Amino acid sequence: MRPDPAIPGLSPAGCFDILSHRLADVLVAPARRRAIRDAAWQLPPVPRLALEIRLGGGDAGVDAAVDLHQMITRREEDPQILRRHLDQGGGAWAGGGLTGFLRSWAAEEDGLQDRFDQLYLEWDAPTDGAGPHLPALFLASDLRFEAAESRSARRDALRRVVARLCQAQDAPLSDTLFDVVAGPVSISHIGVMSGRGNAIRVNYRGISPADLPGLLGRLGWPGDVAAVSGHFAALVDAADRVTVGLDLVDGALRPSIGFEIFCDHPLPSGRWDRILDHLCRDGLCTAEKRAALGQIEATIAVDDAACPWPAAWILPTIRGPGDAWPMVRCHVSHLKLAVAADGVAQAKAYIAAEHHWQIGYGRPAEVTLPAGLSFHPRPSTAEAVADAVGFLLRARQQNGLWGDFNRINGGCNNWVTGVAALALAETGGDEALAGAAAALEVLRGRVQPGGGWGHNEIAPVDTDTTASIIKALMAVSAPENPPVIAAAREFLRGHLTDDGFQTYGTGTTIRFSDDAVVDAGWRTTHACVMANCALILPDQLIPLLRQSQQADGSWTPYWWRTPAYPTALAAEALAAHGDGAAVDRAVTWARMQDPAAQSPFCAAAIARVLIAGGDRARAGDILAELLRRQLSDGSWMTGADMIWPRPDQMDGHTDFLDVPDDRRVFTTAGVLLAFAAATARS
């Protein structure tokens, strides 16, 4: 939401003014800032701007060129702002073909906004006294879980746009570029770089290190595959995702290649350290620039004394929404490793500043359907389960793990992988079991000294993550698992105390960045964690679970907003050990809940409680409703209600951050576990 677009002022130049306060001279030389700001004034007055900055020394040193980027969306007033800018004579940088496309898109002709809801414009470095160069335009090709029919229509539209921009009689996109797409591999974006002789760039995503040589071979890429494979494998291991960018000139692939590196959490973060370590070791990023990148992340408010609000923004701020607060987020969006035709590599950082209106605090915004998806009820449990398994297998990251809950410190991959692998193993089927086994093979290589795991590879070890992985290892029952399971079980045993069971052990250091925290709340006994671990240490934890059951039959969560998930874990553990009375009390609690008012994740957890207590009829009604709430890609809507309490809070619900499972992996795994439980007890 923005003020009326007729109110001038908000602009990418203002974004640059705010970002400049966080940009060290080693990233953008003072001598270059005037040209960047002048060029930013000529861009569409949508208040977003990103800088593409070289990270090396030498030619990529302090006086290196800085390219400009801008994202324009179909949301809010962006199309109106763009159209008004063009009508008033802006866009001289675009040239005839691109200007015509931008006008058509802004006017929503031919369904262009439906096909391409985001435009990415990229300008090569401006020079003093000159306007922006002819930009590249990047458009989305394959949405992540788009249906085949919709994807085909989007690709057809994309081919027409590319041909239009290149003024080509024949489609300049060879079928070979699309024919290599299969399984998890898709084309994220295709760009026309008009300022570089209408070169075309195709960005592939979902490629594993093992599959990269084969894909490049099928495409006929003329570069040195062996020389770039090591870089790619190291980056995939550390990042959430790495896309592969290939360039075509006159329809022929060039021997250059680019790897764009994304982590779904801010920089600085320990997850980014491994990526930057790799770049610095190879001389692709200087120590000074690495340190400067760590100073970028900030959300700037209008009253921030250290960063004066641009004068031109005062009026739109006053005229802005009465219930909102103007903010600018500065951040590193991603990194890139580009390898030229001669094999010379160069690293770059993409630093963005984006204005937005902050409306309130607390819970995240209402969950909406992801782009390209719809509700798609399944006629049977078997079909729903098969499609959900397919979603989970497609949702794996390139390093073979699953990731989710990306609002917290570094995101969660080890823990989420343990739960997703357990869901696949409990579901059965050769493909599901193979996917679970492959992910657990990666996790075996990540076990920490002493036998435990943290929620990701840089997080402190904890019992909740460790128990989830042990359960998955036990379910897969590979011959190499027992020694790992035994060591991890001993790790859990070391967290027993005289009166409870710790999530984080006394000797475990808990830190965020370089700051120690007061963490008494995180080190105490948590019923939700005990419930997850009870099947692994039953003699010690089952009695504690009995004692901690609430009068209404539920278990009080620390790491969850509602009792549904911990109560399901506790009821299943107690049912496995024949404690019918405690399970009956949990069933009484479950019968008092309204599953229709719950997220799919919580509804599935309630069904698991009922299944553990033998109430198959009520559970069946919930599962039948979940069939109707399944999405077209096989997943269910985000709904795992994890919270992130402040570490010193003994009551986790006093001061906390909501952390939804933004990738829907944990929710989908939770629903699959409910269906598996129903099948196992039939």
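Residues numbered from 1 in each chain as written. Predicted model: local features only at pLDDT ≥ 70, side-chain atom pairs only at ≥ 80, totals over all residues. Heavy atoms only, no water.

> Hey, could you run me through the overall build of the protein chain in this one?
Along the protein chain, the regular secondary structure elements total 24 helices and 18 strands. In summary, the protein chain has a C-alpha radius of gyration of 26 Å against a globular reference of 26 Å for 682 residues, a match within 12%. Over its C-alpha atoms, taken along the principal directions, the protein chain stretches across nearly 80 × 55 × 45 Å. A total of 682 residues make up the protein chain; the buried ones form 56% of that total. Sequence separation of 24 or more characterises 70% of the internal contacts of the protein chain that already satisfy a separation of 6 or more. Carbon and sulfur atoms provide 51% of the accessible area of the protein chain, an area that totals close to 26700 Å². Averaging the locations of the 61 positively and 80 negatively charged side chains of the protein chain gives two centres separated by 2 Å. (Helix = DSSP H or I, 4+ residues; strand = E, 2+ residues; numbered from the N terminus. Rg over C-alpha atoms; globule rule 2.2 N^0.38 Å. Buried < 20%, exposed > 50% of the residue type's maximum accessible area, 1.4 Å probe, protein only. Contact = heavy atoms within 4.5 Å. Areas by Shrake-Rupley, 256 points an atom, 1.4 Å probe, with all protein chains shown as cover. Lys, Arg positive; Asp, Glu negative; His and termini not counted. Charge placed at Lys NZ, Arg CZ, Asp CG, Glu CD.)

> Would you explain the pattern of salt bridges in this entry?
Charged atoms that come close allow side chains of opposite charge to pair. With the rule as written, the count across this model stands at 34 salt bridges. Notably, a salt bridge pairs Arg-155 with Asp-142, separated by 2.9 Å at the nearest N-O pair. Within this pair, whereas Arg-155 is found in helix H6 (residues 148-166), its partner Asp-142 is found in the loop between strand E4 (136-140) and H6, the two being separated by 13 residues in sequence. Taken as a pair, Arg-155 and Asp-142 share a single burial class, namely buried. Close ionic contact of Glu-480 with Arg-444 constitutes a salt bridge, the shortest N to O distance being 3.1 Å. Of the two residues, Glu-480 sits in the loop between helix H16 (463-476) and helix H17 (481-493) while Arg-444 sits in helix H15 (residues 430-444), which places them 36 residues apart along the sequence. Within the structure, one salt-bridge network assembled from shared partners comprises Asp-237, Arg-274, Arg-446 and Glu-457. (Salt bridge = Lys/Arg side-chain N within 4 Å of Asp/Glu carboxyl O.)

> I'm lost on the nonpolar core in this one. Help?
Where a protein is soluble and globular, its nonpolar side chains tend to be buried together. The biggest cluster of nonpolar side chains holds 111 residues, and the ones touching the most others in it are Phe-405, Trp-560 and Phe-666. It is helix H22 (residues 600-612) that provides the largest number of residues to this core, a total of 11 residues. Apart from the residues lying within four places of it in its own chain, the contact partners of Trp-560 are Phe-405, Trp-415, Cys-528, Tyr-565, Pro-566, Phe-601, Ala-640, Asp-641, Met-642, Ile-643, His-653 and Phe-666. Residues Ile-187, Trp-221, Phe-232 and Cys-285 belong to the second largest nonpolar core, which totals 100 residues. (Core = buried A, V, L, I, M, F, W, Y, C linked by side-chain atoms within 4.5 Å.)

> What's the story with the packing of aromatic side chains in this structure? I'm lost.
Both the distance between ring centres and the angle between the ring planes are used here to describe each pair of aromatic rings. Summed over the entire model, instances satisfying the criterion amount to 19 aromatic pairs. Judged by centre distance (5.4 Å) and plane angle (75 degrees), the ring pair of Trp-309 and Trp-313 falls under edge-to-face. Comparing Trp-309 with Trp-313 shows no difference in burial state: the two are buried. Judged by centre distance (5.0 Å) and plane angle (75 degrees), the rings of Trp-522 and Trp-644 are edge-to-face. (Phe/Tyr/Trp six-rings, centres within 6.5 Å; stacked < 30°, edge-to-face > 60°.)

> Please clarify how the environment of Gly-9 should be interpreted in this entry.
Within the element layout of this structure, Gly-9 appears in the segment before helix H1 (12-20). Given the relative accessible area of 17%, Gly-9 is considered buried. Spatially, the C-alpha atoms of Gly-9 and Leu-569 are 54 Å apart, while their sequence positions differ by 560 residues. Apart from residues no more than four positions distant in its own chain, Gly-9 is found in contact with Ala-312, Trp-313 and Pro-316.

> I'm lost on the pairing of E4 in this one. Help?
Look at any regular strand and the pattern is simple: side chains alternate between the two faces of the sheet. A large share of E4 lies buried, amounting to 5 of its 5 residues. Of the two faces of E4, the one lined by Ala-136, Phe-138 and Ala-140 and the one lined by Leu-137 and Leu-139 are each fully buried. Of the pairings in the sheet, the one linking strand E3 (residues 118-123) to E4 comprises 3 bridges and is antiparallel in character. Opposite Tyr-120, over in E4, you have Phe-138 as the bridge partner. (Pairing = 2+ DSSP bridges.)

> I tried to follow the side chain of His-278 on my own but got confused; where do I start?
When you line up the elements, His-278 lands in helix H10 (residues 270-281). Of the residues examined, His-278 reaches a relative accessible area of 11% and is grouped as buried. Setting aside residues no more than four positions away along its own chain, His-278 makes contact with His-231, Ala-234 and Leu-235.

> Sorry if this is basic, but what is going on with the packing of helix H13 (residues 381-394) against helix H24 (residues 665-680) here?
Between two packed helices, both the angle of their axes relative to each other and the distance between the axes serve to describe the pair. Between H13 and H24, the shortest axis-to-axis distance is 10 Å and the interhelical angle comes to 145 degrees. In this structure, the crossing between H13 and H24 has a hand that is left-handed. Note on element contacts: H24 touches H13 through Val-665, Thr-668, Ala-669, Leu-672 and Phe-675, opposite Thr-381, Val-385, Ala-388, Val-389, Phe-391 and Leu-392. Of the residues that constitute the contact of H13 with H24, the class distribution is 9 nonpolar, 2 polar and no charged. (Axes fitted to C-alpha atoms, helices over the stretch in contact; angles between N-to-C directions. Left-handed = near helix turned anticlockwise from the far one by under 90°. Nonpolar A, V, L, I, M, F, W, Y, C, P; charged D, E, K, R; others polar.)

> I would appreciate a short explanation of the environment of Pro-377 in the present structure.
Note that Pro-377 resides in the loop between strand E12 (345-358) and H13. With a relative accessible area of 47%, Pro-377 lands in the partly exposed category. Along the primary structure Pro-377 and Leu-631 are separated by 254 residues, whereas in three dimensions their C-alpha atoms are 7.4 Å apart.

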